[in-house]
Amino acid sequence: MNPVKTISSNPFADQKPGTSGLRRKVSVFTRDGYLENFVQAIFRAVFPETGGGCRGKCLIVGGDGRYYNRQAIQIIVRMAAANGFGKLLIGRGGLLSTPAMSCLIRKHSAAGGVMLSASHNPGGPDADFGVKFNGANGGPAPEAVTDAIYRETLAIREYLTLESADIDLDRPGLTYLGGMEIEMIDPVADYAALLVELFDFDKISQLLANRRFHMCFDAMHAITGPYAIEILERQLGAEPGTVINGVPDECFGGGHPDPNLAHARELVERMNGDAPLAFGAASDGDGDRNLIMGSGCYINPCDSLAILAANARLAPGYREGLAGVARSMPTSRALDRVARNLGIPCYETPTGWKFFGNLMDAGRITICGEESFGTGSNHVREKDGLWAVLFWLNIIVESRKPARSIVREHWLRYGRDYFTRHDYEELDAGGAGEMMGRLREGIGGLAGRGAGELQIAGADDFAYTDPVDGSHSEGQGIRIFFSDDSRAVFRLSGTGTANATLRLYCEKHESDPARMEFDTQRMLARTLAAAGEIAGIAEFTGRTAPDVIT
Ligand code: G16
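Since the model is a prediction, treat every value here as computed from it, not as a measurement.

Reading guide: rules and limits
- Residues numbered from 1 in each chain as written.
- Predicted model: local features only at pLDDT ≥ 70, side-chain atom pairs only at ≥ 80, totals over all residues.
- Heavy atoms only, no water.
- Helix = DSSP H or I, 4+ residues; strand = E, 2+ residues; numbered from the N terminus.
- Buried < 20%, exposed > 50% of the residue type's maximum accessible area, 1.4 Å probe, protein only.
- Contact = heavy atoms within 4.5 Å.
- Expected span 1.5 Å × (residues − 1).
- Core = buried A, V, L, I, M, F, W, Y, C linked by side-chain atoms within 4.5 Å.
- Domains from an automatic or database assignment.
- Near = heavy atom within 4 Å.
- Polar contact = N/O pair within 3.5 Å; in protein donor to acceptor, adjacent residues only side chain to side chain.
- Areas by Shrake-Rupley, 256 points an atom, 1.4 Å probe, with all protein chains shown as cover.
- Nonpolar A, V, L, I, M, F, W, Y, C, P; charged D, E, K, R; others polar.
- Phe/Tyr/Trp six-rings, centres within 6.5 Å; stacked < 30°, edge-to-face > 60°.
- Pairing = 2+ DSSP bridges.
- Axes fitted to C-alpha atoms, helices over the stretch in contact; angles between N-to-C directions.
- Buried area = accessible area lost by both parts, 1.4 Å probe.
- Salt bridge = Lys/Arg side-chain N within 4 Å of Asp/Glu carboxyl O.
- Parallel < 35°, antiparallel > 145°, perpendicular 65-115°, else oblique.
- Left-handed = near helix turned anticlockwise from the far one by under 90°.

Within the protein, the secondary structure is distributed over 18 helices and 27 strands. Its C-alpha atoms put the protein at 75 × 60 × 40 Å along the principal axes. For the protein, with 550 residues in total, the buried portion stands at 59%. The contacts in the protein between residues at least 6 apart in sequence include a share of 72% that link residues at least 24 apart.

Shown next as structure tokens:
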């Protein structure tokens, strides 16, 4: 079988990776040569001929099971063989969660992995698909690599592939294609074994065996179903049925696999039902995000991150303490207060998990997270939904307190960081871009001005210099600080596939115990109004209210 050099590939100018890889509509990915162009660009950028090319290297391949997953894997398998890879490890059925992908790359010392997912975006013939590359450390490719991939997508004139029949993605074991060995592996086993090392499975089993402790995990018809059923129900003994929507579906059951209060509706109904549950959680399309709920309470991801850090020593894998922590810039500053108390560094990075990788590799941080429902640690190099769920269960069992009390006690100790995110979706990209451009231009003149009922104390456009390799990123979001110590942040989403999404994040710290149970939107109303006025949201977008509030 000789590699076929296909020269019909036209470069595609729109293949610039966003916050987390390339995400486009399925109809775009299925255009002739589109996926091939991007995959060949990854191979050329990451494995240049000068470094021996792809020859003999090991690659992990898998996806979240969404529509076009299987077809895309067959294309990648043929291209990998034609490009000379020595071995492919593929999750059986073509399935892998993002954290499991990261785990497998590290465990098998692979050269990297190609992950097929558009994360929390919907799936189906009219919905979204995505491709991202994770490097040998298991983490998302850093900006220098995604920039190099993008340059290759523009320069490329040919890709390599083989003419061969499809391989059987469902049969475990070895097959060969050209000179390449292909092993179909259990998508769950290595990942589950890693979690056993971090958490006290015996004690969590006892908690789950307690007939007064009922929990629910909503896999949202996405990839975490098989992982959660194996770990929560089979290994930890949770009642059958604890995991709902546990069978991965190409279209995610017609839903939106985004674990928030708006989309994880079934979980929210069960949490508030006639027989309220003690604990609830959900994960997204590719299993890296998490939503955590206690009885009668939604736990904001920023608080969840701070609480995990504050209580980390209760879990066996973190008993020695944390080297440091990190959060993305728009994430609330609740984590900073915990770090100060623990006497450890807290890094503030741009949005995107790729910015945590260097800090973890250099041993500077152990735990990190983001407001966008992502939390994780240095056990892998991706955020990890089920990890967060087990961490919470471990803290609940060790502290002998329900989730709700853990949250309240945290607020009493550190104060409460009220936080909200307002999303304005499917905006005209021109108007949204112009609004951000005007804000940027005017940033220097904002300090000292009044806005609504507040005074502006300062403003900047967030820039970050990586303390490990010195790489510099600018234009990462506009921060406005107000005189009442509240903060507003503006940025455009980097993960959407249709037009532009504006995100407005607001937060305010409250240390008065009498004001800790107030409504978040009311507590932040003045900051939200001032931010809207400064940016001219209504004027530029034509919208008077956000589409989604978290
Ligand atoms: C991706 C990244 C996250 C990031 C999020 C931001 O999440 O992996 O690190 O916080 O995008 O999204 P946006 O740019 O839309 O605000 P995921 O879960 O979609 O891969």
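Here helix α2 (residues 34-46) spans 19 Å end to end across 13 residues, near enough to the 18 Å set by a 1.5 Å rise per residue. Counting buried positions over the 13 residues of α2 gives 10, a clear majority of the element. For α2, every residue scored as buried is listed here: Tyr34, Leu35, Glu36, Asn37, Phe38, Val39, Gln40, Ala41, Ile42 and Phe43.

Turning next to the nonpolar core. The tendency in soluble globular proteins is for nonpolar side chains to be buried side by side. One finds Phe199, Phe279 and Trp392 to be the most contacted residues of the largest nonpolar core, which totals 75 residues. Among the elements that make up this core, the one with the highest residue count is helix α13 (residues 385-399) (11 residues). In this structure, this core is formed jointly by two domains, domain 1 (4-186) and domain 2 (190-414), each of which donates at least three residues. Setting aside residues no more than four positions away along its own chain, Phe279 makes contact with Phe213, His214, Met215, Cys216, Met271, Ile292, Met293, Val389, Trp392, Leu393, Ile396 and Ala403.

Here the focus is the site of the ligand. Taken together, 18 residues are adjacent to the ligand, and Glu370, Arg491, Ser493, Thr495 and Arg503 come closest. In the model, an oxygen atom of the ligand is placed 2.7 Å from a nitrogen or oxygen of the Arg289 side chain. Contact between the ligand and Trp353: an oxygen atom at 2.8 Å from a main-chain N or O atom of the residue. Relative to its unbound accessible area of 460 Å², the ligand is 99% covered by the protein chains. Residue classes in the shell around the ligand are distributed as one nonpolar, 10 polar and seven charged.

Let's shift gears to the packing of aromatic side chains. Within the structure shown, the criterion is met by 15 aromatic pairs. A centroid spacing of 5.4 Å and a plane angle of 85° characterise the contact between Phe47 and Phe85, whose relative ring orientation is edge-to-face. One end of the pair, Phe47, is in the loop between α2 and β3 (58-63); the other, Phe85, is in the loop between α3 (69-82) and β4 (87-95), and 38 residues separate them in sequence. A single burial state applies to Phe47 and to Phe85, both of which are buried. Taking the centre distance of 5.1 Å and the plane angle of 70° together, the rings of Tyr68 and Phe129 count as edge-to-face.

The strand order across the open sheet built from five strands is β11-β10-β12-β13-β14, with neighbouring strands paired in mixed fashion. The sheet is open, and its two borders are formed by β11 (243-244) and β14 (297-299), each paired with just one other strand. Where α13 meets the sheet, it contacts β10 (215-218), β12 (279-283), β13 (290-294) and β14, and its direction lies at approximately 165° from that of β12.

With that settled, consider the domain arrangement of the protein. Split into domains, the protein comes out as domain 1 (4-186), domain 2 (190-414) and domain 3 (416-549). If you average the C-alpha positions of domain 1 and of domain 2, the two centres end up 28 Å apart. Contact with domain 1, which involves 37 residues of that partner, is made by 33 residues of domain 2. Its largest share of buried area at the contact with domain 2, domain 1 owes to Pro99, His120 and Pro140, together 21% of the area lost on that side. Counting across the domain 1 and domain 2 interface gives three salt bridges. A salt bridge links Lys107 to Asp190; its shortest N-O distance comes to 3.0 Å. Counting across the interface, domain 1 meets domain 2 through 11 residue pairs in polar contact (both at pLDDT 80 or more). Listing elements by their share of the side of domain 1 that touches domain 2, those giving two or more residues are α4 (98-107) and β6 (128-134). With eight residues, α4 is the largest single contributor of residues to the side of domain 1 that touches domain 2. Residue classes in the side of domain 1 that touches domain 2 are distributed as 13 nonpolar, 18 polar and six charged.

Across a sheet, strands are paired by hydrogen bonds formed along the backbone, either parallel or antiparallel in direction. The mixed open sheet is built from four strands, whose spatial order is β16-β15-β17-β18. At either end of the open sheet lies a strand with only one pairing partner, and these are β16 (346-349) and β18 (374-377). Between one strand axis and the next, the sheet turns through 15° on average, direction left out of account. Taken together, the four bridges between strand β17 (residues 367-370) and β18 define a ladder with antiparallel strand orientation. Residue Cys368 lies in a different strand from β18, and its bridge partner there is Gly376. Against the sheet, helix α10 (residues 301-310) engages β15 (325-328), β17 and β18, with an angle of about 175° to β17.

Attention now moves to the packing of α2 against helix α5 (residues 143-155). Orientation of α2 relative to α5, taken along the N-to-C sense of each, is 125°, at an axis distance of 8 Å. As judged from the angle between their axes, α2 and α5 are oblique. By crossing handedness, the relation of α2 to α5 is classed as right-handed. Counted together, Asn37, Phe38, Ala41, Ile42, Arg44, Ala45 and Val46 of α2 and Val145, Ala148, Ile149, Glu152 and Thr153 of α5 form the full contact between these two elements. Residue classes in the contact of α2 with α5 are distributed as eight nonpolar, two polar and two charged.

Let's shift gears to the side chain of Thr146. Mapped onto the elements, Thr146 comes out in helix α5. Of note is the side chain of Thr146, whose polar atom sits 3.1 Å from the backbone oxygen of Glu143. Apart from the residues within four sequence positions on either side, Thr146 is in contact with Pro17 and Ala141.

The final tally for this structure, using the stated rule, is 38 salt bridges. Among the ionic pairs, Glu398 bridges to Lys203, the shortest N-O distance being 2.9 Å. Taken together, the residues span a long stretch of sequence, with Glu398 in helix α13 and Lys203 in helix α7 (residues 201-209) at a distance of 195 residues. With a closest N to O distance of 3.1 Å, Glu510 and Arg515 form a salt bridge. Using a relative accessible area of 9% as the deciding quantity, one classes Glu510 as buried. For Arg515, a relative accessible area of 34% gives the class partly exposed. One salt-bridge network, in which partners are shared between bridges, spans Arg327, Arg333, Asp336, Glu348, Asp460, Arg479, Arg487 and Glu507.

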